[in-house]
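Spelled out, the chains give:
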Amino acid sequence: MGIARAKPPDPDFHLMKITKKYIKFLFVRDPFVRLISAYRNKFEEKDQGFYKGFARVMLKRYRNYPDPPASVVDAFVAGIRPTFSNFIQYLLDPRTEKEAPYNEHWRQMYRLCHPCQINYDFVGKLETLDEDAEQLLRILRVDNVVQFPRSHWNRTTSSWEQDWFANIPYELQRQLYNLYEADFRLFGYAKPEKLLHQ
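Everything numeric here is computed off the predicted structure, so don't read it as measured data.

A.B. asks: Please set out the packing of helix α2 (residues 31–43) against helix α5 (residues 84–92) residue by residue, giving values where relevant.
C.D. replies: Relative to each other, α2 and α5 sit at 115°, their axes nearing to 11 Å. Taken together, the axis directions place α2 and α5 in an arrangement best described as roughly perpendicular. Every pair of crossing elements has a handedness; the one defined by α2 and α5 is right-handed. Of the residues in α5, those in contact with Leu 35, Ile 36, Tyr 39 and Phe 43 of α2 are Phe 84, Phe 87 and Leu 91. Residues that form the contact of α2 with α5 fall into these classes: 7 nonpolar, no polar and no charged.

A.B. asks: So what's going on with the packing of aromatic side chains? Which residues, and what values?
C.D. replies: Applying the stated criterion across every chain yields a total of 20 aromatic pairs. Where Phe 43 meets Trp 106, the ring centres are 5.9 Å apart and the plane angle is 35°; that geometry is what we call tilted. Here Trp 106 lies in the loop between α6 (94–99) and α7 (109–113) and Phe 43 lies in helix α2, a separation of 63 residues in the sequence. Each member of the pair, Phe 43 as well as Trp 106, carries the same accessibility label: buried. Between Tyr 177 and Phe 184 the ring centres are 5.0 Å apart and the planes differ by 45°, which places this aromatic pair in the tilted class. Relative accessible area serves as the criterion here: at 0%, Phe 184 is assigned to the buried category. Its end group placed over the ring of Phe 76, Arg 81 keeps NZ or CZ at 4.0 Å from the ring centre. A cation sits over an aromatic face here: Lys 125 above Tyr 189, 4.2 Å from the ring centre.

A.B. asks: Please give an account of the pattern of salt bridges that cites residues and values.
C.D. replies: In total, this model carries 8 salt bridges according to the counting rule given. For Asp 93, the salt bridge goes to Arg 61, with nearest N and O atoms at 3.7 Å. Pair noted here: Asp 93 is in the loop between α5 and α6 and Arg 61 is in helix α3 (residues 48–62), with a separation of 32 residues, a long-range link. Looking at Asp 93, the relative accessible area reads 10%, which means it is buried.

A.B. asks: For the side chain of Arg 107, give the residues involved together with the corresponding values.
C.D. replies: Tracing the chain through its elements places Arg 107 in the loop between α6 and α7. Buried and unpaired, Arg 107 has no salt bridge, with Glu 104 as the nearest side chain of opposite charge at 5.1 Å. Residues within four places of Arg 107 in sequence aside, it is in contact with Arg 34, Pro 101, Tyr 102, Leu 112 and Tyr 180.

A.B. asks: Go over the environment of Val 33, please, and point to the residues and values.
C.D. replies: Structurally, Val 33 can be placed in helix α2. Overall, the relative accessible area of 2% leaves Val 33 in the buried class. Considered as a pair, Val 33 and Trp 160 are 127 residues apart in the sequence and their alpha carbons are 7.8 Å apart.

A.B. asks: Report on the environment of Val 73, specifying residues and quantitative values.
C.D. replies: Its location among the elements puts Val 73 in helix α4 (residues 72–77). Residues Val 73 and Glu 45, spaced 28 residues apart in sequence, show a C-alpha to C-alpha distance of 9.9 Å.

A.B. asks: Can you lay out the packing of α3 against α5 for me, pointing to particular residues and giving the numbers?
C.D. replies: At a closest axis distance of 10 Å, the pairing of α3 and α5 adopts a crossing angle of 95°. When the axes of α3 and α5 are compared, the pair comes out roughly perpendicular. In this structure, α3 uses Phe 54, Val 57, Met 58, Arg 61 and Tyr 62 to contact α5, whose residues at the interface are Asn 86, Phe 87, Gln 89 and Tyr 90. Residue composition of the contact of α3 with α5, by class: 6 nonpolar, 2 polar and 1 charged.

A.B. asks: Explain the nonpolar core to me, and be specific about the residues and the numbers.
C.D. replies: Among the nonpolar cores identified, the biggest contains 42 residues, and Phe 87, Leu 91, Trp 106 and Phe 165 are the most heavily contacted of them. Looking at this core element by element, the count peaks at 7 residues for α3. The residues touching Leu 91, leaving out its near neighbours within four places in the chain, are Leu 35, Tyr 102, Trp 106, Leu 176, Leu 179 and Tyr 180.

What counts and how
Residues numbered from 1 in each chain as written. Predicted model: local features only at pLDDT ≥ 70, side-chain atom pairs only at ≥ 80, totals over all residues. Heavy atoms only, no water. Axes fitted to C-alpha atoms, helices over the stretch in contact; angles between N-to-C directions. Helix = DSSP H or I, 4+ residues; strand = E, 2+ residues; numbered from the N terminus. Parallel < 35°, antiparallel > 145°, perpendicular 65-115°, else oblique. Left-handed = near helix turned anticlockwise from the far one by under 90°. Contact = heavy atoms within 4.5 Å. Nonpolar A, V, L, I, M, F, W, Y, C, P; charged D, E, K, R; others polar. Phe/Tyr/Trp six-rings, centres within 6.5 Å; stacked < 30°, edge-to-face > 60°. Buried < 20%, exposed > 50% of the residue type's maximum accessible area, 1.4 Å probe, protein only. Lys NZ or Arg CZ within 6 Å of the ring centre and 35° of its normal. Salt bridge = Lys/Arg side-chain N within 4 Å of Asp/Glu carboxyl O. Lys, Arg positive; Asp, Glu negative; His and termini not counted. Core = buried A, V, L, I, M, F, W, Y, C linked by side-chain atoms within 4.5 Å.

Given below as structure tokens:
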């Protein structure tokens, strides 16, 4: 007579059960603007970790540098950096996710924050951060105690998309949209028609 084995617990059920006790919120950003921001922050700045983990791979694969400098400082001094186009090639390259999952700075939000498994109480947008933060504080009932600081720093905006994508071939733009289409649809962002209908 065999021993009956218990069915392993469903991780989605466990997650939903635990999160019912909390107010769950999420802030999202236009997917293409988010990619521009990630590129600017991680590859236009001297970030050794991102240079070593990602930029060197891009330089080898797409810029024909078989042996790029080991340090980000040496690479910047030599003027060797991946372009935004190289970054897009990297995202679309099937080898990328075979080697490791996307970094959280460019992983699709639906894969990062699981909105289909977690019933978020509030989803705000970075484009309307000031208003959405005020609303969230009211929902949390802390608006009389906490004030979200006004955002006055220079953010990457959707008006930059035309410029940043100007040198990206149409076919790559289309593939990139397909890769991030779920984020555009789930979070109510318009399809970037100007980019995709050239």
